[in-house]
Each structure stands twice: as C-alpha cells, then as structure tokens.
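# Structural overview for review
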Amino acid sequence: MVAIQLFAEIGSIFRSTPTFALILETFLLISVIWLLLHRRSGGRRRRLTKEEEERIIGSYEPEPLVGDTEPEHPLLRTRIVQSRVGKHIKVDGHECLNLSSHNYLGFLEDKEILEEACKSLRKYGVGSCGPRGFYGTMDVHLDLEDRIAKFMGLEEAIVYSYGFSTVASAIPAYAKRGDVIFVDEAVNFAIQKGLDASRSTIVFFKHNDVDDLERLLIEQQKRDQNNPKKALRTRRFLVAEGIYMNTGEICPLPQLIGLRQKYKLRLFVDESISFGTLGKGGRGVTEHFNVNRDEVDLISAGMEGSMSTIGGFCVGSHFIAEHQRLSGLGYIFSASLPPMLTQAAISALDRFEREPQIFQELQSTAKKLHQKFSQFTKLLLRGNELSPVKHLYLSEAAENFDKELKLLTELADKCIARGVALVQAAYLQNRERVPVRPSLRIAVNLLLRESDITTAFDIIEGASNGLL
C-alpha cells in the first residue's frame, strides 16, 4: 500500500513538472553517471623508473628570477656624496654647485630647523619603532597633521612616513575593482603603483590634454548609457599632479575641475613638487590658480622637496583622512615618521607662515634659470618657467634609448668634474606606462644667485658642446 502511494506521488510530481525541467534533470543525471564511470583514454599514467626520474631532474634548468643586466648599466652606478647636502655638495671627490637635490627652499642648510630637530631627537629618541596604530603615534605627529590642515584651510590631514607610499596608498584606499580612473599619461611612478594596487580600470589621456580627456569621458558616458545598472555601481576618478615630476609642467587645474563637475568625477591631485613652491603662500597649484581647495577631493604631497624632510601627507575632508587610517596600507603597516623629522616639517611650516616672500623668491629664481637654460645650443629645456623641476634633453635625439642615456650620463660626469652636480632622471623603463625619454633633471634651489646660474650654464654649455 505504501509503495503504491509512493509511486503515485512520484507520478504526480512528474506530471506537474515542465517538460524542459525533466529533460534538463535527465541530462544532468546522465552526465554525473558518465563522469563517475568514464576512464580517461590511455588508462593509468605509467610510473617513471628511477633512471628516468634522475635524467629528467638532471636536465631541468630553471628560468632565472631576473633577466641579465649589463654590469655597466647606468642605473647600477652610484655617485658617492661626501658632504652635507645643500647649495654645494661634494660628489665623487668634486666640489659642486648642486642642481640635483630637491631642496627647493634650501631648508637642508637652515640652522633653526636643524636645532629644533635636534631638540626633538633628545626628547623622543631616533625613531618610534611602531606604526601609528600600535604605539607609534606621538604628540608631534598630531601637531603636524593639525598644522597642515590649518595651513591648507581644510578639515583634516594624515601623515605618512614615506613620500612614495603616500599617494601609492591613498589611491587604492578609495578606488577598487570595477571603478574607472582617468589619469594623465605622464604621472610619476608612485601614482602608477597606486593605480596597479587599486585593480581599477585605468584610462590614460594625453599629457595635459583636456580635449583628449573629455573625449574619453564622453566615451565612458556612452558606455554608462548602454549599461545603466553597471553605471550606478561604477565610481569615476581623475588623477593628476600639480607639477609633473617627469615633465616639470603644471597641470591645467581649472579645466580639470570643470570636467570633474560636468562628468561627476572624484579628483585627486598629487602636489609633491607644487606644495611649498607654487602660489603666494606656497599652498600649491590650487593657490596658483586661485581655485577653491574644496573642489579637489584629495590633495597629497611628499615632504622631501620644499619641507626638506621625509614622509608625506594627504589633506581634505574628515572622511578623506579618517578612511585612510583604516585603509591606507602605507599608514597602517609602516613605522611612523621619526619624531625629529616630524619636528623638521613643523619648523618648515613655521617658516612658510612667517616668511611667505620665500615662495615669490623661489619662483623668480626658477624664471631666471629657465630663461638662461633655454639658450643651450645642443640641449632642449622642458618645464614650466615657475617649476623648480626642469628637464634637459638632447636637442637632436640619438639613435636609440640606450645611446641617449649613455650620452647624458657622460655629460653629467663631465659637469660634475667641472663643478656642477647634475643627475640623469632614473626610470624603470620596462615598468613605465609610457616610454620616458632620457633627460637630465634640474632642481632649482632658492639659494641660487644669478652668478651661480651663469656659471652653471657656462659649464654645461661647454661640456655639451665638447661631447655632442
């Protein structure tokens, strides 16, 4: 009786089940049975004999972990500094005028800043020996963050212990897989590493070309219209530098802000060079263009340039700073900035506020050097006249990258031997998003006088004419 009821129930289920479902379930059942019973063609794998195993192991040659590198590669060559870094520097035994170090305001030689840093050293010791969240936060760190936020006129700042990791940590703290980031193709390597870590879709536009950027934004807008559900989940970012390390040129910030508003973008600006060099008060590219800083979602900067210390910071709204305390990997997992170097940054800010005329003086010096260095006969100068970073290229390109790099390295050697410290810009050529042409990078120093600029020009001009 029970069996009859069971079969009747099964029959009722089959009658009420759609035909396509029965066919699908039958196919799945047959597939499972076939997978369980089927044996792969060829039967079981034959076991190798001991002699065969030894022969295979003996003939195995693993691939090298890294490719072969020429022992004479220019990037493997180290120039030895044998003095304190400042306006003058001793390199490989030669006393030189320093056009290489990013010491824009000359604070590396400032006795007041050095004295304040030494006081901090005696009070706190050399380092913190812990990340900010694990007994690495000291009162000077909080003071510096508060001072930066007030100086920039924004809600809150967060300080990192290494300039490179600042923007490289900030970008992936917000941008994730599925987001879209529009980026100038000339951005520095730290930004490129941040883009890689974000796993977002990266769209590069031509350097400082807002028309090309808008073309790409229109294409993205069309894709969003075709897939509105995905568009609702996709966040869009725009990343640029205030002054580009790789070109020395200033970004067209007002136009970028116009596109940000039009296409609903989140704007990140790295001001590692422009902070402390542009604007009447040294507040960077926003002050230079008289733009409301609230129009920029995140401002980041390294402190190795104008502040002559190490580390970096991000500044913006309370959310921008607070989110990185839980998501900025360089902040969470790195030992905090040494207190004495934190104090050096605070002392640099004191000078910013007490002597705002230094920024106009630096810009004037940069203009004078730009005008003079534009007169080279065999070298080509690139960069904005106000920028403290400029690049010198061969006016006639060599036959290939290696040849051009070798010529510039030889030129730098000759200049050092004659009393001017130059350095060729170093790039990981196989890692850069866009191939970068070899150049000599010039760093302007506030302490340079017109006679120093003339002397440097004469030495570089003579060396280049003799070599090229």
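Scroll up a little and you will see the structure.
Quick caveat: nothing in here was measured; it's all calculated off a predicted structure.

Let us now look at a nonpolar patch on the surface. A cluster of nonpolar side chains, Leu29, Val32, Ile33, Leu36 and Leu37, forms an exposed patch at the surface whose accessible area comes to about 540 Å². Here Ile33 shows up in helix H2 (residues 19-37). The exposure class assigned to Ile33 is partly exposed, which follows from its relative accessible area of 42%.

Evaluated as defined, the whole model comprises 24 salt bridges. The residue Glu156 makes a salt bridge to Arg325 at a minimum N-O spacing of 3.2 Å. Separated by 169 residues along the polypeptide, Glu156 in strand E3 (residues 156-160) and Arg325 in helix H13 (residues 318-327) bring together distant segments of the chain. Of the two residues, Glu156 and Arg325, both sit in the buried class.

Take the sheet that holds strand E2 (residues 94-98) next. Picture the strands of a sheet paired through backbone hydrogen bonds; they go either parallel or antiparallel. Read from one edge to the other, the open sheet built from three strands follows the order E1-E2-E12, with strand pairing classed as mixed. The strands lining the two open edges of the sheet, one partner per strand, are strand E1 (88-91) and strand E12 (420-421).

Right, let's get into the packing of helix H17 (residues 401-418) against helix H18 (residues 450-467). At their nearest, the axes of H17 and H18 sit 9 Å apart, and the two run at 135° to each other. One element, H17, and the other, H18, form an angle in the oblique class. The way H17 lies across H18 gives a crossing that is right-handed. Residue-level contacts link Leu407, Glu410, Leu411, Lys414, Cys415 and Arg418 of H17 to Ile459, Ile460, Gly462, Ala463, Ser464 and Leu467 of H18. Taken together, the residues that form the contact of H17 with H18 break down as seven nonpolar, two polar and three charged.

The next thing to look at is the packing of aromatic side chains. Counting across every chain of the model gives 15 aromatic pairs. On the basis of an interplanar angle of 55° and a centroid distance of 6.0 Å, the ring pair of Phe275 and Phe352 is categorised as tilted. Of the two residues, Phe275 sits in the loop between strand E7 (266-270) and helix H12 (285-288) while Phe352 sits in helix H15 (residues 339-354), which places them 77 residues apart along the sequence. Judged by relative accessible area, which is 2%, Phe275 ranks as buried. The rings of Phe107, Phe151, Phe275, Phe313, Phe352 and Phe359 are connected pair by pair, giving a single aromatic cluster. The ring centre of Phe237 lies 5.7 Å from the NZ or CZ of Arg266, which sits over that ring. Here the basic side chain of Arg283 rests over the ring of Phe151, its NZ or CZ set 4.2 Å away from the ring centre.

Reading guide: rules and limits
- Residues numbered from 1 in each chain as written.
- Predicted model: local features only at pLDDT ≥ 70, side-chain atom pairs only at ≥ 80, totals over all residues.
- Heavy atoms only, no water.
- Patch = residues over 30% accessible without salt bridge, like charges linked within 9 Å, V, L, I, M, F, W, Y side chains within 5 Å.
- Areas by Shrake-Rupley, 256 points an atom, 1.4 Å probe, with all protein chains shown as cover.
- Salt bridge = Lys/Arg side-chain N within 4 Å of Asp/Glu carboxyl O.
- Helix = DSSP H or I, 4+ residues; strand = E, 2+ residues; numbered from the N terminus.
- Buried < 20%, exposed > 50% of the residue type's maximum accessible area, 1.4 Å probe, protein only.
- Pairing = 2+ DSSP bridges.
- Axes fitted to C-alpha atoms, helices over the stretch in contact; angles between N-to-C directions.
- Parallel < 35°, antiparallel > 145°, perpendicular 65-115°, else oblique.
- Left-handed = near helix turned anticlockwise from the far one by under 90°.
- Contact = heavy atoms within 4.5 Å.
- Nonpolar A, V, L, I, M, F, W, Y, C, P; charged D, E, K, R; others polar.
- Phe/Tyr/Trp six-rings, centres within 6.5 Å; stacked < 30°, edge-to-face > 60°.
- Lys NZ or Arg CZ within 6 Å of the ring centre and 35° of its normal.

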